[in-house]
Amino acid sequence: MLDIRSARTQDLTGILELYRELRPADPDLPQLLAQQRLRELIENPLTHLIVVDNGEQLVGTCMLGLIPTLTNGARPFGMIEHVVTTNAVRGKGIGKQMLRFVIDLAWQHDCYKVMLLSGIQRIEAHGFYENLGFRGDVEKGYVLKPSWDIKPT
């Protein structure tokens, strides 16, 4: 039986294993830093780190950030990041259950919209998100990373 829930501090190893599947080139985090960041995420009321536990191991995770605004009646918007299910369970509906849980959580927090970004090359993931109701033709997302050159205006 699946347990979709908020992350706990004892979930750290499983979460990091899932992130390695999503981002294999990321450097390993020092244990103390990883523990500190996980505590900060868990304690932050605007951040919801969600895990899927199958009773033996964590098989999925994602994060929902709630961003307060002064628009749309001062309702927040939700940002979903770092969506991953382990390769061993893909195609079994676990990712769909996890994202429906997170979307429902966003609606419970009165979000006026929920957004996520997906790597441009992840075509299969795009279809997965579209099947859940996300649309890629409503708004256009942009990303800037500190390692990129910023063009002068």
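Our subject in this report is the structure included herewith. Just so we're clear, the structure is a prediction, and the values are computed from it rather than from any experiment.

What counts, and at which threshold
- Residues numbered from 1 in each chain as written.
- Predicted model: local features only at pLDDT ≥ 70, side-chain atom pairs only at ≥ 80, totals over all residues.
- Heavy atoms only, no water.
- Buried < 20%, exposed > 50% of the residue type's maximum accessible area, 1.4 Å probe, protein only.
- Helix = DSSP H or I, 4+ residues; strand = E, 2+ residues; numbered from the N terminus.
- Pairing = 2+ DSSP bridges.
- Core = buried A, V, L, I, M, F, W, Y, C linked by side-chain atoms within 4.5 Å.
- Axes fitted to C-alpha atoms, helices over the stretch in contact; angles between N-to-C directions.
- Contact = heavy atoms within 4.5 Å.
- 1 Å grid on protein atoms, 1.4 Å probe; cavity = no way out; pocket = protein on both sides within 12 Å on 5 of 7 lines; lining within 4 Å.
- Points joined across faces, edges and corners; volume = space filled by probe spheres on them.
- Nonpolar A, V, L, I, M, F, W, Y, C, P; charged D, E, K, R; others polar.

So, the pairing of strand β2 (residues 47-53)
Alright, step 1. Among the 7 residues in β2, 7 count as buried, and that is most of the element.
Alright, step 2. Side-chain alternation along β2 places T47, L49, V51 and D53 on one buried face and H48, I50 and V52 on a second face that is also buried.
Alright, step 3. Pairing between strand β1 (residues 3-6) and β2: 4 bridges, direction antiparallel. Opposite D3, over in β2, you have D53 as the bridge partner.
Alright, step 4. Of the strand pairs in this sheet, β2 and strand β3 (residues 58-67) are connected by 7 bridges, and their pairing is antiparallel.

What about unusual backbone geometry?
Alright, step 1. Phi is positive for H82, which is not a glycine, with a value near 50°.
Alright, step 2. If you trace the backbone, H82 turns up in strand β4 (residues 77-85).
Alright, step 3. Given the relative accessible area of 32%, H82 is considered partly exposed.
Alright, step 4. Although it is not a glycine, D110 adopts a positive phi angle of roughly 65°.
Alright, step 5. Residue placement: D110 occurs in the loop between α3 (94-108) and β5 (114-116).
Alright, step 6. Of the residues examined, D110 reaches a relative accessible area of 40% and is grouped as partly exposed.

So, the nonpolar core
Alright, step 1. Core analysis: the biggest nonpolar cluster contains 24 residues, and C62, I80 and F134 have the highest contact counts within it.
Alright, step 2. Counting residues per element, the ones that place at least two in this core are β2, β3, β4, α3, β5 and α4 (123-131).
Alright, step 3. With 7 residues, α3 is the largest single contributor of residues to this core.

Quick look at the sheet that holds β4
Alright, step 1. Ordered by their spatial adjacency, 5 strands build an open sheet running β1-β2-β3-β4-β5, and the pairing between neighbours is mixed. One side of each edge strand has no neighbouring strand; the edge strands of this open sheet are β1 and β5. Averaged over all adjacent pairs, the angle separating strand axes in this sheet is 25°, with direction ignored.
Alright, step 2. Strands β2, β3 and β4 of the sheet are contacted by helix α1 (residues 12-22), whose axis makes an angle of about 85° with β4.

What about the layout of surface pockets?
Alright, step 1. The volume enclosed by the second largest pocket comes to roughly 430 Å³.
Alright, step 2. Lining the second largest pocket are 18 residues; nearest its centre among them are T85, R90, G91, E124 and F128.
Alright, step 3. For the lining of the second largest pocket, the secondary structure elements donating two or more residues are β4, α3 and α4.
Alright, step 4. If you tally residues by element for the lining of the second largest pocket, the top one is α4, at 5 residues.
Alright, step 5. The residue inventory of the lining of the second largest pocket, partitioned by class, reads 8 nonpolar, 5 polar and 5 charged.

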